[in-house]
Amino acid sequence: MIEIRDLHKRFGDTEVLKGIDASISQGEVVCLIGASGSGKSTLLRCVNGLENYEAGEIRVDGIRVNRDDRSIRDVRLAVSMVFQRFNLFPNRTVIENVIEGPVYVKGEARSEATDYGMTLLERIGIVDKADAYPSSLSGGQQQRVAIARSLAMRPKMILFDEPTSALDPELVGDVLAAMRSLADDGMTMFVVTHEISFAREVADRVLFMDSGRIVEEGTAEKMLSVPENDRTRDFLQRVL
Ligand code: ADP
Ligand code: MG
């Protein structure tokens, strides 16, 4: 579903991604961990074409990701991204936020998009908030709306960039539960997170990134219990 080969990316003089190789199969949940500044967000942004890169190749569902190419539209339809900050439209209700993409980007009929949107809100446990405005919701509820909004586009995979790190601790659990239910339904997910227990319980594989390189990868069990790389060990000691 995602194929990344020898990806290099720089900002000015600084090389931020120094030859990344990674692949994610259909239905797989892969967690990406690593210190702040190691290049995790940049990698995710390259995958859905929000950033250009200088060398290497990314394929998403077989389509080569190139921002300058017309195919970028197909990439963006295949891949949804959930950010740390949820960026809901403040002047639209929850359900209006959810159907925005399907109606205005994909041209779906409003009634159909609304039906599907309500199903998603139901599934994610906030259908009672359908007509509320985002400002009346907790951060955790807003993030779940953002997840429903991503799902409404019927993506083939979802990228998550630290979806719970802007939330108060007591709100994290509901968002992780929503993500876990997506994983159980077979969604392909690439998740940047510091929630090590989520990685341990949900991820099929964990990648550890350090200074622009993936320095270790393996099953969650192996990576999080018996990491081989010194830097992985140091990092885990700090976050656990
Ligand atoms: P992470 O998500 O792992 O914290 P990022 O991908 O955000 O790391 O950043 C990796 C490096 O790239 C950092 O040194 C950051 O300062 C730099 N960087 C990220 N975005 C930009 C940008 N738009 N312009 C210049 N430098 C950037
Ligand atoms: Mg980041």
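Residues numbered from 1 in each chain as written. Chains lettered and ligands numbered in written order. Predicted model: local features only at pLDDT ≥ 70, side-chain atom pairs only at ≥ 80, totals over all residues. Heavy atoms only, no water.

**Focus on the site of ligand 1**
In the region of ligand 1, the neighbouring residues are Phe11, Val16, Ala35, Ser36, Gly37, Ser38, Gly39, Lys40, Ser41 and Thr42. Between ligand 1 and Ser41 there is a distance of 2.8 Å, counted from an oxygen atom to a side-chain nitrogen or oxygen. For ligand 1, whose accessible area on its own is 560 Å², the fraction buried by protein is 55%. A total of three residues in the shell around ligand 1 trace back to one element, the largest contributor, which is helix α1 (residues 40–47). The residue inventory of the shell around ligand 1, partitioned by class, reads three nonpolar, six polar and one charged. (Near = heavy atom within 4 Å. Polar contact = N/O pair within 3.5 Å; in protein donor to acceptor, adjacent residues only side chain to side chain. Areas by Shrake-Rupley, 256 points an atom, 1.4 Å probe, with all protein chains shown as cover. Helix = DSSP H or I, 4+ residues; strand = E, 2+ residues; numbered from the N terminus. Nonpolar A, V, L, I, M, F, W, Y, C, P; charged D, E, K, R; others polar.)

**Some details on the packing of helix α3 (residues 94–105) against helix α4 (residues 110–123)**
In the contact formed by α3 and α4, the axes pass within 9 Å of each other and the chain directions differ by 130°. When the interaxial angle is binned, α3 and α4 end up oblique. When the axes of α3 and α4 are compared, the crossing they make is right-handed. Counted together, Val94, Ile95, Glu96, Val98, Ile99, Pro102, Val103 and Tyr104 of α3 and Arg110, Ala113, Thr114, Gly117, Met118 and Leu121 of α4 form the full contact between these two elements. (Axes fitted to C-alpha atoms, helices over the stretch in contact; angles between N-to-C directions. Parallel < 35°, antiparallel > 145°, perpendicular 65-115°, else oblique. Left-handed = near helix turned anticlockwise from the far one by under 90°. Contact = heavy atoms within 4.5 Å.)

**Digging into the nonpolar core**
Ile147, Phe160, Met179, Met189, Val206 and Leu224 are the most contacted members of the largest nonpolar core, which has 50 residues in total. Here the element with the most residues in this core is helix α6 (residues 169–184); it accounts for seven residues. Every residue in contact with Phe160, bar those within four places of it in the chain, is listed here: Leu44, Val82, Ile147, Met179, Leu182, Met189, Phe190, Val191 and Val192. With 30 residues, the next largest nonpolar core counts Ile24, Leu32, Val75 and Val192 among its residues. (Core = buried A, V, L, I, M, F, W, Y, C linked by side-chain atoms within 4.5 Å. Buried < 20%, exposed > 50% of the residue type's maximum accessible area, 1.4 Å probe, protein only.)

**What about the packing of aromatic side chains?**
The description of two aromatic rings rests on the distance between their centres and on the angle between their planes. Following the criterion strictly, the structure yields one aromatic pair and no others. Plain terms: the ring middles of Phe208 and Phe235 are 5.4 Å apart, the flat faces sit at 45° to each other, and that makes the pair tilted. In this pair, Phe208 is assigned in strand β9 (residues 205–210) and Phe235 in helix α9 (residues 230–239), connecting sequence segments 27 residues apart. Overall, Phe235 belongs to the buried group, its relative accessible area being 2%. Directly above the aromatic system of Phe11 lies the positively charged group of Lys9, at a separation of 4.6 Å from the ring centroid. (Phe/Tyr/Trp six-rings, centres within 6.5 Å; stacked < 30°, edge-to-face > 60°. Lys NZ or Arg CZ within 6 Å of the ring centre and 35° of its normal.)

**Structural notes on the environment of Ala22**
Mapping Ala22 onto the fold places it in strand β2 (residues 14–24). Considering only alpha carbons, one finds Ala22 and Arg5, 17 residues apart in sequence, at a separation of 6.8 Å. Ignoring sequence-local partners within four residues, the contact set of Ala22 consists of Ile2, Glu3, Ile4, Arg5, Leu207 and Ile214.

**Examining the UniProt feature "domain: ABC transporter" (unreviewed entry) in the chain**
Mapped onto this structure's residue numbering, the UniProt feature "domain: ABC transporter" (unreviewed entry) falls at residues 2–236. Along residues 2–236 one finds 39% helix and 26% strand; the C-alpha atoms at either end are 26 Å apart. (UniProt positions renumbered as here; feature names shortened; annotations may be inferred.)

**Describing the sheet that holds strand β6 (residues 79–82)**
A sheet is described by the order of its strands in space; here six strands give the open sequence β6-β7-β8-β3-β9-β10, paired in mixed fashion. Sheet topology places β6 and β10 (213–218) at the edges, where each strand pairs with a single neighbour. The sheet shows a mean angle of 20° between the axes of neighbouring strands, direction not considered. Here β6 runs beside strand β7 (residues 157–161); their pairing, made up of four bridges, is parallel. When the bridges of β7 are listed, Val79 appears paired with Met157. α9 rests against β3 (29–34), β9 and β10 of the sheet, and its axis sits at about 100° to β9. (Pairing = 2+ DSSP bridges.)

**Focus on α3**
Here α3 spans 18 Å end to end across 12 residues, near enough to the 16 Å set by a 1.5 Å rise per residue. By the burial criterion, the buried members of α3 are Val94, Ile95, Asn97, Val98, Ile99, Glu100, Gly101, Pro102 and Val103. Residues of α3 that are buried in the fold lie against α4 and α5 (139–152). Phi for Gly107, located one or two positions after α3, is positive at around 75°. (Expected span 1.5 Å × (residues − 1).)

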